[in-house]
Every structure is written in C-alpha cells, then in structure tokens.
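Spelled out from the first residue to the last, the chains are:
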Amino acid sequence: MKNNFFLVLFFLSCFYVINGQTLLDKLENEKQEETTFYTQSTFIGTRISLGHSIETRKKGSLEISAKNRFWDLPTQTSTSFLADKMSTRFGLDYSITNTFTLGVGASTLDGNFNGYLKYRLLQQQTNGVNKFGLTWVQTTSYRSKKIGQVELRDSFSDRLAYTSQLLIGRRFTRRFSAQLSPTFIHRGSTRFGIDDPNHFALGLGIRFKTTIRSEFVSEYFYVANPLNSIETFNAVSIGYNWALKNISLQFKLTNSGLFAEDAFITQTRKNLNTRRGNLFFGFTMIYFLQL
C-alpha cells in the first residue's frame, strides 16, 4: 500500500508539473501580445499641410473643414486690405472604421468637386516588426471651371482626374516624423498633344513637434513628368498646425492656391518666392466630433 501511494503521488506530481508549464506558457504568450504597442500621432491630424497624412481617425469621427487661401495680384495698383483674392474649400470626412475613411469637398477657385477613399494598411509598432505606417488614398475630382486650360471640356469624363497615393510614414523620435508619398495622377483628357495625361510624382512631408498639441510642418511634391504646354512649378508648403480639443488650426505659406491633389501637384503656376502674387497664405479650420 505504501509503495502504491508513492507511485500515485509521483504521477500526480508529474501531471501538475506538465499542466503548470502549459499554463505558464499560455500566460507568457499573452504577456508578449500585451506588450506590443502601436505608434500614435505620427502627425497631429489627417492632413500634413497640402496633402493627406497617414493618420486616420477613430470609427464614427466626422471632420468638417474650411480651407482658405489668400493672395495678392501682381499689380502695383492694388488697394485691397490684406489680400486681393481668396479661395475656399469646404469638406466633410467620415471614418467608417478605425482604418477606413471617406470624404467629399468642393473648392471655389477652380470649381473642383472631389471625393476620396482612405485606408490604413499598416500601423507602425514601437516594439514590433512594423517599422513604418502605410496608408492608401484614392481621389477622384471633377473640374467645372477653366483653370490652366490643359484639359478638354467636351464631355463629363474629360473633366475628371484620378489620383492614387501610397503614403509611407514613420515617427523617428518623439518630435520628428517624415512621410513619402509616391503618387500617380491620370487626367481624363489633355488639350495638347505635348502633354501626357499621366503624371508621376513623389511627395515628401516632415513635421517637428513643438508641444503636445502643435507642430511645424513642411511638404514638397516633385513631378517627374510635368506639363509641357504651360510653365509649372513643384508645390511647396511651410506651416504650423495646432490642435485644440475639437478643433484643429493650420497656418501655411505656399506657392499654390489649389486644393485637389491632381491640381496642386501638376498645375501650380507660381514659384515660391516673395514676389507679389507668388505667395499664398493658407488658413484651415477643422472641427471634428465623435458620432
């Protein structure tokens, strides 16, 4: 009886040891999963300055935006206070999920009506394998006014343009972030045979965080095959973003008065300098709420 008792005790001890190790393994795996953190706020908002950032808002978020550009006419007889002309874009953006957003907008200068789809493919991890964030943006725009006159206007499809962007962003330090934006633009028509309706561009955006709710930003878009029928320049912007509780404010100096991606990337007619009429001051107010 004594030997049998010790034999049973031995097998029970082995059973508890094996199950105990299995339980510890499960707890260790769960602990490892819990310690994977995602990088937050690579940029303060969903826009850097001119274009989109990799950021998307949480499910059910609604953004209501008003973007303005002010500039002077290149004439010495102007007597307007502050600025000779102004252009405005009004927009609505809604987050279907934490990673999928859609938006619509309209601008006054070129009568551009546009919509976009934005999907976050990958989010940077602070201690995981994802070293950068990845977001896809697809935009369609319709131009109702003649600006630049580089497109045909014979049909509805002639006035359309499509922009595809892959946004690649990384937060390198607590203050510094950068983003590359490979871009493909297709215009529905071209008026001149020397102009290619397809354009390839590369955007670079950087930010330097000053406080928990503010940042200096800059963007630059290089176009590999610009238009030949008119003289254009690469779009540049230098700005300051400030986020309050439910409102974001953006201030910028840029050489473009256009808002849609296909427009400001390929049809910026001004060079960035202090000559009268070449410098645009931009002010944007974005109000967002959680539905």
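For the structure, see preceding data.
Small disclaimer: the values here were computed from a predicted structure and weren't measured.

Further remarks concern the pattern of salt bridges. Under the definition given, this model contains six salt bridges. Arg-120 is the partner of Glu-55 in a salt bridge, and the nearest nitrogen-oxygen pair spans 3.4 Å. Placement of Glu-55 in the loop between helix 1 (2–34) and strand 1 (61–71) and of Arg-120 in strand 4 (residues 112–122) is noted, with a sequence separation of 65 residues between them. Of the residues examined, Arg-120 reaches a relative accessible area of 9% and is grouped as buried. A network of salt bridges, in which partner residues are shared, links Asp-110, Arg-143 and Glu-151.

Judged by pairing direction, the barrel is antiparallel, and its twelve strands sit side by side in the order 1-2-3-4-5-6-7-8-9-10-11-12 before closing back on the first. Within this sheet the neighbouring strands show an average axis-to-axis angle of 20°, counted without direction. By the bridge criterion, seven bridges tie strand 3 (residues 100–107) to strand 4 in an arrangement that is antiparallel. Its bridge partner lying in strand 4, Ala-106 is registered against Phe-113.

The biggest cluster of nonpolar side chains holds eleven residues, and these are Leu-50, Ile-185, Ala-201, Phe-221, Val-223, Ala-235, Leu-258, Ala-260, Ala-263, Phe-264 and Ile-265. If sequence neighbours within four positions are ignored, Phe-221 has contacts with Gln-165, Leu-202, Gly-203, Asn-234, Ala-235, Phe-264 and Ile-265.

Before going further, it helps to examine unusual backbone geometry. Located in the positive-phi region is Ser-41, a residue other than glycine, with phi close to 55°. Take Ser-41: it is sitting in the loop between helix 1 and strand 1. Of the residues examined, Ser-41 reaches a relative accessible area of 38% and is grouped as partly exposed.

Looking now at the packing of aromatic side chains. In the structure shown here, the tally under the stated rule is nine aromatic pairs. Relative to Phe-200, the ring of Phe-184 has its centre 5.2 Å away and its plane inclined at 50°; by these criteria the two rings are tilted. With Phe-184 in strand 7 (residues 176–187) and Phe-200 in strand 8 (residues 198–211), this pair connects stretches of sequence that are 16 residues apart.

Before going further, it helps to spend a moment on the environment of Ser-214. Assignment of secondary structure puts Ser-214 in strand 9 (residues 214–223). Between the C-alpha atom of Ser-214 and that of Phe-43, which follows or precedes it by 171 residues, the distance is 9.7 Å. Beyond its immediate sequence surroundings of up to four residues, Ser-214 is in contact with Ile-44, Lys-209, Tyr-240, Asn-241 and Trp-242. Here the side chain of Ser-214 touches Thr-210 through a polar contact of 2.6 Å, side chain to side chain. A distance of 3.2 Å separates the side chain of Ser-214 from the side chain of Tyr-240, its partner in a polar contact.

Analysis parameters
- Residues numbered from 1 in each chain as written.
- Predicted model: local features only at pLDDT ≥ 70, side-chain atom pairs only at ≥ 80, totals over all residues.
- Heavy atoms only, no water.
- Salt bridge = Lys/Arg side-chain N within 4 Å of Asp/Glu carboxyl O.
- Helix = DSSP H or I, 4+ residues; strand = E, 2+ residues; numbered from the N terminus.
- Buried < 20%, exposed > 50% of the residue type's maximum accessible area, 1.4 Å probe, protein only.
- Pairing = 2+ DSSP bridges.
- Axes fitted to C-alpha atoms, helices over the stretch in contact; angles between N-to-C directions.
- Core = buried A, V, L, I, M, F, W, Y, C linked by side-chain atoms within 4.5 Å.
- Contact = heavy atoms within 4.5 Å.
- Phe/Tyr/Trp six-rings, centres within 6.5 Å; stacked < 30°, edge-to-face > 60°.
- Polar contact = N/O pair within 3.5 Å; in protein donor to acceptor, adjacent residues only side chain to side chain.

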